[in-house]
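Take a look at the letters that make up each chain.
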Amino acid sequence: MPTPLRRPTHSSTSGRPARAALAALLSTLLLGQAPANAQEDAQALALSSSRDRYEVWADVLFGPDGRNLAFNLPQESELPTPFAELVKRQLQGARITARQDKDGSPATFRTGVRLVYQLLPAATEGEVSQVKFLGLNLAPLPVKRYLASYPKDIRRSAGWEGGVQARCQVSVEGLCHKVDVDMLPGMPASVRRFAKASFEGWAFDAQRINDRPIEGEFSVRFALRTEDTLPTNFRIPAFERYIRER
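What counts, and where the lines are drawn
- Residues numbered from 1 in each chain as written.
- Predicted model: local features only at pLDDT ≥ 70, side-chain atom pairs only at ≥ 80, totals over all residues.
- Heavy atoms only, no water.
- Phe/Tyr/Trp six-rings, centres within 6.5 Å; stacked < 30°, edge-to-face > 60°.
- Helix = DSSP H or I, 4+ residues; strand = E, 2+ residues; numbered from the N terminus.
- Buried < 20%, exposed > 50% of the residue type's maximum accessible area, 1.4 Å probe, protein only.
- Pairing = 2+ DSSP bridges.
- Expected span 1.5 Å × (residues − 1).
- Axes fitted to C-alpha atoms, helices over the stretch in contact; angles between N-to-C directions.

Undergrad: Got a sec to walk through the packing of aromatic side chains? Specific residues and values, please.
TA: This structure, assessed with the given rule, holds 13 aromatic pairs. Ring centres of Tyr-117 and Phe-133 lie 5.3 Å apart, and the angle between their planes is 45°; on these two criteria the pair is classed as tilted. Of the two residues, Tyr-117 is situated in strand β6 (residues 109–120) and Phe-133 in strand β7 (residues 129–139); the sequence distance between them amounts to 16 residues. Geometrically, the ring pair formed by Phe-199 and Phe-218 is edge-to-face, given 6.2 Å between the ring centres and 80° between the ring planes. One end of the pair, Phe-199, is in helix α4 (residues 189–199); the other, Phe-218, is in strand β14 (residues 216–225), and 19 residues separate them in sequence. We classify Phe-199 as buried; its relative accessible area is 0%. Under the relative-accessibility criterion, Phe-218 is labelled buried at 1%.

Undergrad: Go over the pairing of β6 with me, naming the residues and quoting the values.
TA: Within β6, 10 of the 12 residues are buried, which leaves it mostly tucked inside the rest of the structure. As judged from the 10 bridges shared by strand β2 (residues 53–62) and β6, these two strands associate in the antiparallel manner. Bridge pairing links Glu-55 to Val-116 in β6. Where β6 lies against strand β12 (residues 208–209), 2 bridges are found, and the strand directions are antiparallel.

Undergrad: Account for the pairing of β2, naming residues and giving values.
TA: Counting buried positions over the 10 residues of β2 gives 8, a clear majority of the element. Taking the residues between adjacent antiparallel strands as the criterion, β2 and strand β3 (residues 68–72) are bridged by 5 residues, where Gly-66 takes a positive phi near 85°.

Undergrad: Which residues make up helix α2 (residues 81–92), and what values go with them?
TA: Because each turn of an α-helix spans 3.6 residues, side chains separated by three or four positions in sequence point in the same direction. Look at α2: 17 Å from first C-alpha to last across 12 residues, which is about the 16 Å you get at 1.5 Å a residue. Among all positions in α2, only Phe-83, Ala-84, Leu-86, Val-87, Lys-88, Gln-90 and Leu-91 are buried.

Undergrad: Quick rundown of the sheet that holds strand β9 (residues 161–170)? Include the residues and the values.
TA: Spatially, the 3 strands line up as an open sheet ordered β10-β9-β14, and their pairing is antiparallel. The open sheet has two edge strands, β10 (176–182) and β14, and neither has a second partner. For this sheet the average axis-to-axis angle between neighbouring strands, irrespective of direction, equals 25°.

This is the structure we're talking about:
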């Protein structure tokens, strides 16, 4: 069941970044929702270009029976307290398929957990908005994120918007040692290079079986967009600028 929110006085469609807009709404979260049952095989969620979704990362230790033994919320200080409490209750109810060590014996599993929420706008002004828990997926916990500089050809294109889905094979040292990029036909090759260069600057806490680091996989969507109008290049003669802009 979605968790109700008291609707604030400002509009939720103001175009502000998702984190700031949702934080303002979540600050008035009403508690009382039963913990959701987490599904380990939830599909990886790409959030980079979504304005109505909010993700929270947790560092979780699952026991040999697949139950949550302990967890930590690295972002807790950034979250509104009622929302942080909701996330904690959902983590407490999380359960995964039990892991095994190399010899087949039951094992503990430490991993990053990404929980995703969606803001459901009220049908009419004054009604209560809702936050819906979309699910979670397991992946190495990101501890450092990096975005490369925009490709030059993209920066020169006003109103350009697009993105790619990228997958990183995370080594036991927590580094990307292989990056695969999926993109639609016609997408500039520079965007692929941008995604790879970005991912190479990321760092992770590797997943662990019985405290032994293992390789993992991390997936994210890199979205790019430019302003509708770009600054005038005054190094180009005025007449030439006029011809180019026609």
